[in-house]
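# Chain and residue survey
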Amino acid sequence: MSGQSLTDRIAAAQHSMTGSAISKAVCKATTHEVSGPKKKHLDYLIHCTNELNVSIPHLADTLLERTASNSWIVVFKALITTHHLMMYGNERLMQYLASRNTLFNLNNFLDKAALQGYNMSTFIRRYSRYLNEKAMSYRLAAVDFTKMKRGADGVMRTMNTEKLIKTLPIIQTQLDALLDFQPNSNELTNGVINTAFMLLFKDSIRLFAAYNEGVINMLEKYFDMKKNQCKEALEIYKTFLNRMTKLSEFLKVAERVGIDQGDSPDLTQAPSSLLEALEQHLASLEGRKLKDLSIATSTYLESKMDSLYILRVQA
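Residues numbered from 1 in each chain as written. Predicted model: local features only at pLDDT ≥ 70, side-chain atom pairs only at ≥ 80, totals over all residues. Heavy atoms only, no water.

Formally: UniProt positions are given in the numbering used here, feature names are shortened, and annotations may be inferred rather than shown by experiment.
In the nomenclature of an unreviewed UniProt entry, the chain corresponds to Phosphatidylinositol-binding clathrin assembly protein from the organism Gouania willdenowi. According to the UniProt record, the Sequence similarities (unreviewed entry) comment for the chain reads "Belongs to the PICALM/SNAP91 family."

The structure is reproduced here in structure tokens:
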């Protein structure tokens with residue numbers, strides 16, 4: 001279906017009559033047109049999040065109501081609009097979404113009206129889980145990992161050991177949910193899913209930047225940690241290495257659909273000797289027998305690990 005449907009036009013007219021500008025904008029952002037939400041409607045809703053006289057619960061509830069539709073197009077666009085506002089709107093919207101006991105309940109969503117509905121419903125279920133996890137991460141850490149200050153004096157590089165070990169698994173869980181979107185380039189076939197994928201791509205780069213900087217900080221502290229902390233840190237690092245494989249696959253899809261390769265991080269992995277050295281250090285704390293560290297590995301570990309993975313992260 002292309003163009004606004006009769007239902008879309010009637011709904012917009014009803015909101016015009018009742019004077020609900022927010023409801024009208026949400027309705028227009030989530031029409032049955034097979035394209036991403038229009039910029040002018042997104043910009044207006046972003047503006048609304050910054051207005052103190054606008055009810056954030058009303059805005060959020062209006063978006064959530066649109067996900068009750070049977071149309072994959074309307075539901076997908078409601079998720080995209082919510083994601084866009086999470087990224088670019090006032091933080092009080094994220095605070096409200098994170099405070100809710102439930103956000104999107106779309107695990108069983110299925111549009112049976114057409115073959116495309118079946119295919120897109122899979123991605124709607126995955127996308128909604130990611131947005132739920134993004135809100136949950138904010139609830140647990142009181143910060144949006146995609147917006148935090150980066151660099152040598154950034155949040156993740158200056159975090160203490162105890163907080164790092166609690167925070168990195170939260171980032172891992174959010175990244176897992178994002179990478180579970182798992183499209184291949186042949187499935188990015190319309191303007192709706194392509195818009196969602198671009199937002200996910202931007203989140204993946206920023207989320208990875210926070211993740212990577214946290215892991216660098218953790219490794220710099222590793223040899224001064226207590227035994228139990230070393231155990232947890234080693235598992236976090238092993239998980240990190242596994243996630244990099246999945247992230248590489250995700251970024252290859254982005255490259256195949258035309259996203260500029262210069263926008264992606266260069267995942268140049270640390271040498272395998274690093275993992276071996278971490279395992280040997282933990283073994284020493286546990287009183288287990290060690291292998292001899294090579295001179296090259298020892299030299300590497302003594303140097304400051306400023307670039308575990310090389311990053312070119314866009315603002």
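Don't stop here, the text continues.
### Things to note about a nonpolar patch on the surface
Formally: What makes a patch is a set of residues exposed beyond 30% relative accessible area and free of salt bridges, joined within 9 Å when like-charged and within 5 Å when nonpolar (Val, Leu, Ile, Met, Phe, Trp, Tyr). Residue exposure ignores everything except the shown protein chains as possible cover, and the areas themselves are Shrake-Rupley values with a 1.4 Å probe. Salt bridge criterion: a side-chain nitrogen from Lys or Arg within 4 Å of a carboxyl oxygen from Asp or Glu. Each helix is a run of DSSP H or I of at least 4 residues and each strand a run of E of at least 2, with the numbering of both proceeding from the N terminus. Remark: exposure states derive from per-residue accessible area (1.4 Å probe, protein chains only) relative to the maximum for the residue type, with buried under 20%, exposed over 50%, and partly exposed in between.
On the surface, a cluster of nonpolar side chains totalling about 310 Å² of accessible area is made up of Leu110, Leu115 and Tyr118. Among the structural elements, Leu110 can be located in the loop between helix H6 (91–99) and helix H7 (115–141). When its relative accessible area of 36% is taken as the criterion, Leu110 is described as partly exposed.

### What to know about the environment of Gln182
Selection rule: The criterion used for residue contact is that any of the two residues' heavy atoms lie within 4.5 Å.
Examined against the element boundaries, Gln182 turns out to sit in the loop between helix H9 (161–179) and helix H10 (191–221). Along the backbone, Gln182 and Arg126 are 56 residues apart, and their C-alpha atoms lie at a distance of 8.6 Å. Other than its neighbours up to four places away in sequence, Gln182 contacts Phe123, Arg126 and Glu187.

### As for the packing of aromatic side chains
Describing an aromatic ring pair means giving the distance of the ring centres and the angle of the ring planes. How we decide: Any Phe, Tyr or Trp ring, taking Trp's six-membered ring, that has another such ring centre within 6.5 Å forms a pair; planes under 30 degrees apart are called stacked, those over 60 apart edge-to-face, and the others tilted.
A full pass over the atoms with the stated rule returns 9 aromatic pairs. Ring geometry for Tyr127 against Phe181: centres 5.9 Å apart, planes inclined by 65°, an arrangement best described as edge-to-face. Within this pair, whereas Tyr127 is found in helix H7, its partner Phe181 is found in the loop between H9 and H10, the two being separated by 54 residues in sequence. Arranged with centres 6.2 Å apart and planes meeting at 20°, the rings of Tyr237 and Phe240 form a pair that is stacked. A residue pair is termed a helical-turn pair when its members lie 3 or 4 positions apart in one helix, as Tyr237 and Phe240 do in helix H11 (residues 227–256) at 3 residues. Taken together, the aromatic side chains of Trp72, Phe76, Phe123, Tyr127 and Phe181 make up a single cluster linked through ring pairs.

### So, H9
Because the α-helix completes a turn every 3.6 residues, residues three or four places apart line up on one side. Threshold: Helix span, as expected, comes to 1.5 Å for every residue beyond the first. As used in this structure description, the phrase polar contact means that two N or O atoms lie within 3.5 Å; if the pair is within protein, one of them must be able to donate a hydrogen and the other to accept it, and residues adjacent in sequence are counted only when both atoms belong to side chains.
Along its 19 residues, H9 runs 27 Å from first to last C-alpha, staying within 8% of the 27 Å computed at 1.5 Å per residue. A distance of 3.3 Å separates the backbone nitrogen of Glu162 from a side-chain oxygen at the start of H9, and that oxygen is part of Asn160.

### Let's talk about the environment of His84
Checked against the element boundaries, His84 lands in helix H5 (residues 72–88). Distance from His84 to Leu42, taken between C-alpha atoms, is 7.6 Å for residues 42 residues apart in sequence. If we ignore the near neighbours within four places in the chain, the residues touching His84 are Leu42, Ile46, Gly89 and Leu199.

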